[in-house]
Amino acid sequence: MKFIHIADCHLDMPYVALNNNKDLSKKRKLEQKYILKKVITYIKESNVELLFISGDLFEQSTVQIDTINYIISLFREIPNVKIYITPGNHDPLIKNSPYNTFEFPDNVFIFSNELGIDKYKELTIYGLGFNNYEMNSLELSTVNLNKEEINVLITHGTLNGNSKKYHDIPEKWISNFDYVALGHIHQKKIDSTKIIYPGSLIATGFDEPGTHGMVVGEIYYEDENKKRIPFAALNNPNIEKKSKVVKYKFVKMDDTEFETIDIDISEYYSINEIIDALNLENNIYKIILNGIKNVSIDTLIETIKISNSNVCQIIDNTIEDFDLEKISKQNNLKGVFTKKILKYLEKNPDKKDIVKKAINYIYN
C-alpha cells in the first residue's frame, strides 16, 4: 500500500523572514494552502491509502477559521484515505485546539499525548502527539513490538535531542519500527534508517535552504522469490517465508526556495554587470554584498529591488578602496595612523581583508 508523509506545514504562520515584504508574505501564506492542495491531488491521482502528518499542520496562535475549514474540506475530498495526525508543539492538542473544537471527517485519526495504536489492514500504526507547547515524554521508551507485523510510528520530536522540551527521542527507542514518520526538524532527513524527516512541506525562512516537499512510500510483503504478496493472501499456508518491504522517496512540492546569495562585487564596475551576475529568478532572496564598492551602493540596492520583487533583504558589507599610501603622507593623525597600518600589513599580509574592514569603519 502507498503512503505519503508530510510535516511542518505551519499554515497561517507569520513569515518573520518576510517582514520587509508584506505582499510576498501574504502570497507565501496562500502558497502554503496551495501546496497542501497539491498533496491531496497527488493522493487522488496515485492511489495512496495513507497520509501521515507528523505535527505542526497549522500555527495554533495565528490560524484562521477559514484555514481550518479549508483543511477539513481537503480531507473530505479523500474519504477512502486514512489520515493520521500527531499534533506538534505549534498545533498541540490543547483545550481550544481546532482538533478539539472542529469536527474532522471520520477518516482522520488524531493522536494524543498518550501512545495510541491503530490497525490498518496488516499495519500497526503507533502515534504520539503534543498536548501542550512543550513535551518531555517517555512513552516510547518501553514499546514492545510484534516483529511479525509491519509497525509504523508517527510522532513530532527531536531525534537524539536533549532539550527536554520538544519530545527528545533516543534512536534506540524507535530503531525497531519499520517506518518512523517524524516531524519538527524542517530540513529533510531521508536515509536507510527508516527514521525519516520529510522536512517542512514549504520553506518558511532563510534557515531552511534547499528543496521542500513530501515523502512518498510503499509498504508490502514479498515472498522468498522477491515477488509481491497481496495483503489478502498473507495467511496462505503455502507461503512459507515472507519479508517486509518499505520503500520511500522524496518528492519536491514547493517550487520556491529561500536562497541566500553572497556576492563579491569587487570586480564589477557597472550595476548591470552585478544584476547579471546575481541571475535572480523565482526564489525568495537575501543578498549579501561584499568586496570593494566600485558603483553607487544606494543605486545598486534600489536597482536590485526593482529587478526582482522577491528580494526581501539586502545586506551591505562592501568597503571603500582607500589609497593608504596617499593618506599616509597627510600631516595629521590620520596620516600617522595609516603609516602604522601599512607597516602592520607588511608583516601580516594575511590580515589585509580584516584591516580593510577596520579602516572603513574608522575612516567613514
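Placed above this text is the structure.
Residues numbered from 1 in each chain as written. Predicted model: local features only at pLDDT ≥ 70, side-chain atom pairs only at ≥ 80, totals over all residues. Heavy atoms only, no water.

**Student:** Can you help me understand the sheet that holds strand 17 (residues 311-316) in this one?
**Tutor:** Hydrogen bonds along the backbone pair up the strands of a sheet, which may run parallel or antiparallel. Taking strand neighbours across the sheet as the criterion, the three strands line up as 15-16-17 in an open arrangement whose pairing is parallel. At either end of the open sheet lies a strand with only one pairing partner, and these are strand 15 (258-264) and strand 17. Strand-to-strand twist in this sheet, taken as the mean axis angle between neighbours without regard to direction, amounts to 15 degrees. Here strand 16 (residues 284-290) pairs with strand 17 via five bridges, running parallel. By the bridge assignment, Leu289 is partnered in strand 17 with Asp316. Against the sheet, helix 6 (residues 297-307) touches strand 16 and strand 17, its axis set at about 165 degrees to strand 17. (Pairing = 2+ DSSP bridges. Helix = DSSP H or I, 4+ residues; strand = E, 2+ residues; numbered from the N terminus. Axes fitted to C-alpha atoms, helices over the stretch in contact; angles between N-to-C directions. Contact = heavy atoms within 4.5 Å.)

**Student:** Just checking my understanding: could you explain the side chain of Asn290 for this structure?
**Tutor:** With respect to the helices and strands, the residue Asn290 is situated in strand 16. Reaching out from Asn290, the side chain makes a polar contact with the side chain of Asp262 at a distance of 2.3 Å. Setting aside chain neighbours within four positions, we find Asn290 in contact with Asp262, Ile263, Asp264, Ile265, Ser266, Asn317 and Thr318. (Polar contact = N/O pair within 3.5 Å; in protein donor to acceptor, adjacent residues only side chain to side chain.)

**Student:** Got a minute to help me understand the sheet that holds strand 5 (residues 116-120) in this structure?
**Tutor:** A sheet is described by the order of its strands in space; here five strands give the open sequence 5-6-7-10-11, paired in mixed fashion. Edge positions in the open sheet fall to strand 5 and strand 11 (195-196), since each of these has one partner strand only. Looking at chain direction, strand 10 (residues 179-183) and strand 11 are connected through two bridges and run parallel. Within strand 11, the position partnered with Ala181 by the bridge is Ile196.

**Student:** Sorry if this is basic, but what is going on with the pairing of strand 3 (residues 82-85) here?
**Tutor:** Look at any regular strand and the pattern is simple: side chains alternate between the two faces of the sheet. In strand 3, alternate side chains face the same way, and those of Lys82 and Tyr84 on one face and Ile83 and Ile85 on the other are all buried. Two strands pair when backbone bridges link them, and strand 2 (residues 50-53) and strand 3 are joined in this way by four bridges, in the parallel orientation. Looking at strand 3, one finds that Leu51 is bridged to Ile83. (Buried < 20%, exposed > 50% of the residue type's maximum accessible area, 1.4 Å probe, protein only.)

**Student:** How should I be thinking about the pattern of salt bridges in this particular structure?
**Tutor:** Two side chains carrying opposite charge are able to pair once their charged atoms lie near each other. Inspection of the entire model under this criterion finds twelve salt bridges. Here Arg28 and Glu31 are joined by a salt bridge, their closest N and O atoms 2.6 Å apart. Here the residue Arg28 and the residue Glu31 both occupy positions in helix 1 (residues 22-46), the gap between them amounting to three residues, near one helical turn. In this pair, the class of Arg28 matches that of Glu31, namely buried. Two residues, Asp178 and Lys244, come together in a salt bridge whose shortest N-O distance is 3.3 Å. Here Asp178, found in the loop between helix 4 (171-174) and strand 10, pairs with Lys244, found in strand 14 (residues 242-252); they are 66 residues apart in sequence, far enough to count as distant. Sharing partners across several salt bridges, the network here consists of Arg28, Glu31 and Asp254. (Salt bridge = Lys/Arg side-chain N within 4 Å of Asp/Glu carboxyl O.)

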